[in-house]
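Single-letter residue listing:
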Amino acid sequence: RIASRAMETTRDGGESSTQAGVQNLDRGLAYCRWAGLRVAGLCIGVDEYAHIGNLSNAVRDADAVCSELKAASNCYAEPMTSKTVTSTAGDLIRSVRKRLQEPGLLKDPPLLFVLHYAGHGIQTKEKKVYLVPGNARTDHPDDLERECLSLDTLMRTLRQELDEPVLQKFGEARAIVFLVVLDACRVPGPNRSFDGALACEPAPESAPLKYTIVFSCSRTTIASDGPSGGHSPFVRALLDAKHGIFAEGVSLHAAIANVSNALPQAQAPISMKLEVLPQNFCIRPGSAGMGKRKQEANPELQALLQEFKLEEHAGLLAERGGVTSLEELKEEFEETDVETLGLPVVHAKRFCKMLQHVKQEKKKKGSAKKKQKNDPSSVTKAFRRQLDDLEAQGDVRAIVEGMRAYNDAEVQWKGCSALNNLAKNDDNRKAIAVAG
């Protein structure tokens, strides 16, 4: 569908047509990245400040958390660390809003949405927490509301831009759990002081239906930035390979407790509404913690999974739906669609089409003529082998022409994969759009 739209815009030729095709392709690729995820995320980091002291590791921390999220199966995140999006409160909230409006998030919402912030923070005696953008002034109390981003505003944006649309479309059964992680100080700032212990829970009307907030330190305390060139103590604990939130088989509940135990008492993390997090939910599920013994997948199903590079989902299919054969899998797709099986939307729809193809192939076994027609010819097999070389050469037009010429499932799959890899380059994106 994406390719056909790009082709429509390029039939008349011209720079404007090419640009429109590129935009269609970019939108399609963005949809694929954000739809059907277990975990989606945004990672904000601010190092450079115009009016207060700079930080050494906030951007590095945000990038590291983002990289871990992107590396986990069926998860995706984007960093927000450039000055163009973190200089002012307006820039920051507009950038967050833009990401929350990605069509893929609403079409097939994630189970968990992680928003990680690393930078300066301030908490006031009016029970408000503020995130400090790069150009913000914080000398006077009136500056905070005007130049900083309040936690209330951030939570309200999560609610209005993503939580409420998902609830309206799917109901509470598909409500996203928002995990907001703030690695920032909670000191009063210049010329201000605290009056006793303060609450900072967002007002109900300003927050999503289901959310958890983790502060890297207690109120009135400073969150250490760590030695230059490394990570903050909080993020080091968060990223711990055996006990952090990305450790295989470690639930979020257990990981957050581990992070708290790893930090000194002077910087004791505080968590709110931990009970909202799904029990035993792991960003990286471990094979030992699945609970049920995995059923052995049918060899025919296993071969199909292997062809689509989805072997890792074989146990999940069997565990969630008792699916051990192609017939059962087909029924499961028809009854519960993508949600129950936990497959990415893009893979699942393509996968379902392949199942229909397999069923049709069985009916053709009695006809030698049809069987011969469906067997890949030597020419098709040769083009399959050639695809890797074409990708390495960046020959977009040859790949597209070959995909049009050979209506073979593996050619189509490998061709799409090659184009997706090549599309990371701006020039290649234009070439793909021109080729249609």
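Definitions and cut-offs
Residues numbered from 1 in each chain as written. Predicted model: local features only at pLDDT ≥ 70, side-chain atom pairs only at ≥ 80, totals over all residues. Heavy atoms only, no water. Phe/Tyr/Trp six-rings, centres within 6.5 Å; stacked < 30°, edge-to-face > 60°. Helix = DSSP H or I, 4+ residues; strand = E, 2+ residues; numbered from the N terminus. Buried < 20%, exposed > 50% of the residue type's maximum accessible area, 1.4 Å probe, protein only. Lys NZ or Arg CZ within 6 Å of the ring centre and 35° of its normal. Polar contact = N/O pair within 3.5 Å; in protein donor to acceptor, adjacent residues only side chain to side chain. Contact = heavy atoms within 4.5 Å. Pairing = 2+ DSSP bridges.

Caption draft 1: Region of interest: the packing of aromatic side chains. Using the criterion set out here, one finds two aromatic pairs in the structure. Ring centres of Trp34 and Tyr76 lie 4.9 Å apart, and the angle between their planes is 90 degrees; on these two criteria the pair is classed as edge-to-face. Of this pair, Trp34 sits in helix H2 (residues 15-34) while Tyr76 sits in strand E2 (residues 75-80), placing them 42 residues apart in sequence. We classify Trp34 as buried; its relative accessible area is 1%. Between the aromatic rings of Phe113 and Phe178, the centroid separation amounts to 5.8 Å while the plane-to-plane angle is 45 degrees, which identifies the pairing as tilted. You can see Phe113 sitting in strand E3 (residues 112-118) and its partner Phe178 sitting in strand E7 (residues 177-183), a full 65 residues away along the chain. Exposure remark for Phe178: the relative accessible area of 0% places this residue in the buried category. Over the face of the ring belonging to Phe170 we find Arg174, whose NZ or CZ atom lies 4.7 Å from the ring centre.

Caption draft 2: The side chain of Thr86, seen in detail. Relative to the helices and strands, Thr86 resides in helix H4 (residues 83-86). On the accessibility criterion, Thr86 (4% relative accessible area) is buried. A polar contact of 3.0 Å, which involves the side chain of Thr86, links it to the backbone oxygen of Ser82.

Caption draft 3: Quick peek at unusual backbone geometry. Positive phi, close to 60 degrees, is recorded for Asn74, a residue that is not glycine. On the secondary structure map, Asn74 appears in the loop between helix H3 (58-71) and E2. On the basis of relative accessible area, Asn74 is assigned to the buried category, the value being 15%.

Caption draft 4: Focus on the environment of Leu238. Inspection of the secondary structure assignment puts Leu238 in helix H9 (residues 233-238). Taking the C-alpha atoms as reference points, Leu238 and Val259, 21 residues apart in sequence, are found 6.0 Å from one another. With sequence-adjacent residues up to four places away left out, Leu238 is seen in contact with Val65, His116, Val181, Gly244, Ile245, Phe246 and Val259.

Caption draft 5: Highlighting the sheet that holds strand E4 (residues 121-123). Taken in spatial order, the three strands make up an open sheet running E4-E5-E6, and their pairing is antiparallel. For this open sheet the edge positions go to E4 and strand E6 (149-150), each flanked by a neighbour on one side alone. Looking at chain direction, strand E5 (residues 129-131) and E6 are connected through two bridges and run antiparallel. Residue pairing across strands places Leu131 opposite Leu149, the latter belonging to E6.

By themselves, these figures tell us nothing about what the structure is for.
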